[in-house]
Amino acid sequence: MNNLLPLMLREWLQHRFAWALIVLGPLAVSLLLLSLGTIELDAEMSEMAPAQLALMVAVLSMVLTAATVLLLLGVTSLFIALGSPRRDDADRSIEFWLSLPSGHAESLLAPLLVHLLLVPAAALVIGSAAALPVSMVAVGRVTGLGEWMALPWGQLLPALGAVLLRALAGLPMALLWLLPLVLAAMMANALFRRWGLPLLGLALLLLAQGLERLFGQPVLADTLGALFTHAAASVLGATPGPHLPGEGADPAQAMAAIPGWALNDLGAALAALAQPLMAGVLLVSAGLFAALVAWRRRGASVA
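The rules behind these values
Residues numbered from 1 in each chain as written. Predicted model: local features only at pLDDT ≥ 70, side-chain atom pairs only at ≥ 80, totals over all residues. Heavy atoms only, no water. Helix = DSSP H or I, 4+ residues; strand = E, 2+ residues; numbered from the N terminus. Buried < 20%, exposed > 50% of the residue type's maximum accessible area, 1.4 Å probe, protein only. Contact = heavy atoms within 4.5 Å. Core = buried A, V, L, I, M, F, W, Y, C linked by side-chain atoms within 4.5 Å. Phe/Tyr/Trp six-rings, centres within 6.5 Å; stacked < 30°, edge-to-face > 60°. Polar contact = N/O pair within 3.5 Å; in protein donor to acceptor, adjacent residues only side chain to side chain. Axes fitted to C-alpha atoms, helices over the stretch in contact; angles between N-to-C directions. Parallel < 35°, antiparallel > 145°, perpendicular 65-115°, else oblique. Left-handed = near helix turned anticlockwise from the far one by under 90°. Nonpolar A, V, L, I, M, F, W, Y, C, P; charged D, E, K, R; others polar. Salt bridge = Lys/Arg side-chain N within 4 Å of Asp/Glu carboxyl O. Bend = angle between axes of the 7 residues up to and from the residue.

## Comments concerning the overall build of the protein chain
What the protein chain contains, in helices and strands, is twelve helices and zero strands. When the elements of the protein chain are put in sequence order from the N terminus, they spell out α-α-α-α-α-α-α-α-α-α-α-α. Expressed as lengths along the three principal axes of its C-alpha atoms, the size of the protein chain is roughly 70 × 50 × 35 Å. By residue count, 34% of the 303 residues in the protein chain fall in the buried class. Taking contacts inside the protein chain between residues at least 6 apart in sequence as the whole, the part at least 24 apart equals 84%.

Here it is in structure tokens:
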């Protein structure tokens, strides 16, 4: 851990300006467009009561804001993490990092932890915080600022907080499910540079098609689909959700049921880890990580 923390701090110092720009830029543009633009409602929404309409607009704007920040930061950090094996090799900074008391495994692990765990978690927290002013402007433009102040915050904030905590707890599990694909992409980038991702995608596509057409066994396609399905359910949605407003349920009752559902959903996601597929995920991931360490060690010896 003493070696990992400086390496993780390096990622923050190197990318903090870009991360701030990615978050603040779209947020400022969104607030400006909501403040100056025109918000049109369909006939069904126009007939809703002001309180119900304000609640729906507030929840939608909050969810969209948090999801957008997560998408922007998550995709950016993913590509940074995938290119991290080549980063030190390309500019020969690997010679400097080898002078520090840290090994190759730690140098590869630090970008994974920062870009694939800490940054998405920070994106969820920042997106949830930014969702409040966005929802205030959106509701204010549609029904008036008074309706936003009159929202049932006593039930709404605990429900949103429970969903946020559920998503944060699910991020490590989602990364675990997708770890073989992430490490395979890192290995492909290490070996083939900018052609790594296209070649990996083409190889997986041809192999999946070949197994299905020649042997009638869509094993690879089914396995990849299962990995993405489990990863998505790990973050949110491992169990059916409670009835939300608009499905005939009372909004207060629906929001009160969300914390309990989030806890049950987390339990279902944890239970899904206990299956043979996860054992294969861990085995393949360990092999790919060992291959990345060996590749980095070989490049360092050449340098």
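## Looking at the nonpolar core
Membership of the largest hydrophobic core comes to 20 residues, with the highest contact counts inside it found for Val139, Leu151, Trp153 and Leu156. Not counting the four nearest positions on each side in its chain, Trp153 is found in contact with Met62, Leu132, Trp148 and Pro158. Counting residues in hydrophobic clusters, the runner-up holds 18 residues, among them Leu108, Leu179, Leu183 and Trp295.

## Focus: the packing of aromatic side chains
Each aromatic ring pair is described using two quantities: the centre-to-centre distance and the angle formed by the ring planes. By the definition in use, this model includes two aromatic pairs. Aromatic pair Trp148 and Trp153: ring centres 5.0 Å apart, planes at 70°, arrangement edge-to-face. On the basis of relative accessible area, Trp148 is assigned to the buried category, the value being 13%.

## Observations regarding the side chain of His115
By the secondary structure assignment, His115 is in helix α6 (residues 104–142). Of note is the side chain of His115, whose polar atom sits 2.8 Å from the side chain of Glu11.

## Details of the packing of helix α1 (residues 4–36) against α6
Remark: α1 packs on α6, axes separated minimally by 10 Å, with the N-to-C direction vectors making an angle of 20°. Taken together, the axes of α1 and α6 lie roughly parallel to each other. Helix-helix and strand crossings are classified by hand; for α1 and α6 the assignment is right-handed. Each residue belonging to the contact of α1 with α6 can be placed in one class, and the counts come to 22 nonpolar, four polar and three charged.

## A few points about the pattern of salt bridges
Here the structure, examined in full by the defined rule, presents one salt bridge. One salt bridge in this structure joins Arg166 and Asp265, with 2.8 Å as the shortest N-O distance. Separated by 99 residues along the polypeptide, Arg166 in helix α8 (residues 153–192) and Asp265 in helix α11 (residues 251–271) bring together distant segments of the chain. You can call Asp265 buried: its relative accessible area is 0%.

## Some words on α8
Considering bend angle alone, the principal kink of α8 is centred on Leu178 and spans about 60°; proline Pro180 follows within four residues of it. Where α8 ends, the next residue or the one after it, Arg193, has phi of about 55°, a positive value.

## What about unusual backbone geometry?
In terms of backbone geometry, most residues other than glycine have negative phi values and most peptide bonds are trans. Within the chain, Arg193 stands out as a residue other than glycine whose phi angle is a positive 55°. Turning to its location among the elements, Arg193 is positioned in the loop between α8 and α9 (196–215).

## Focus on the packing of α8 against α9
Packed helices, taken two at a time, are described by the angle their axes make and the gap between the axes. Put simply, α8 and α9 touch, their axes get as near as 8 Å, and they point 125° apart. Here α8 lies oblique to α9, going by the angle between them. Handedness of the crossing formed by α8 with α9: right-handed. Each of Leu181, Ala184, Ala185, Ala188, Asn189 and Phe192 in α8 lies in contact with α9, whose residues at this interface are Gly196, Leu197, Leu199, Leu200 and Leu204. Class assignment for the residues of the contact of α8 with α9 results in nine nonpolar, two polar and no charged.

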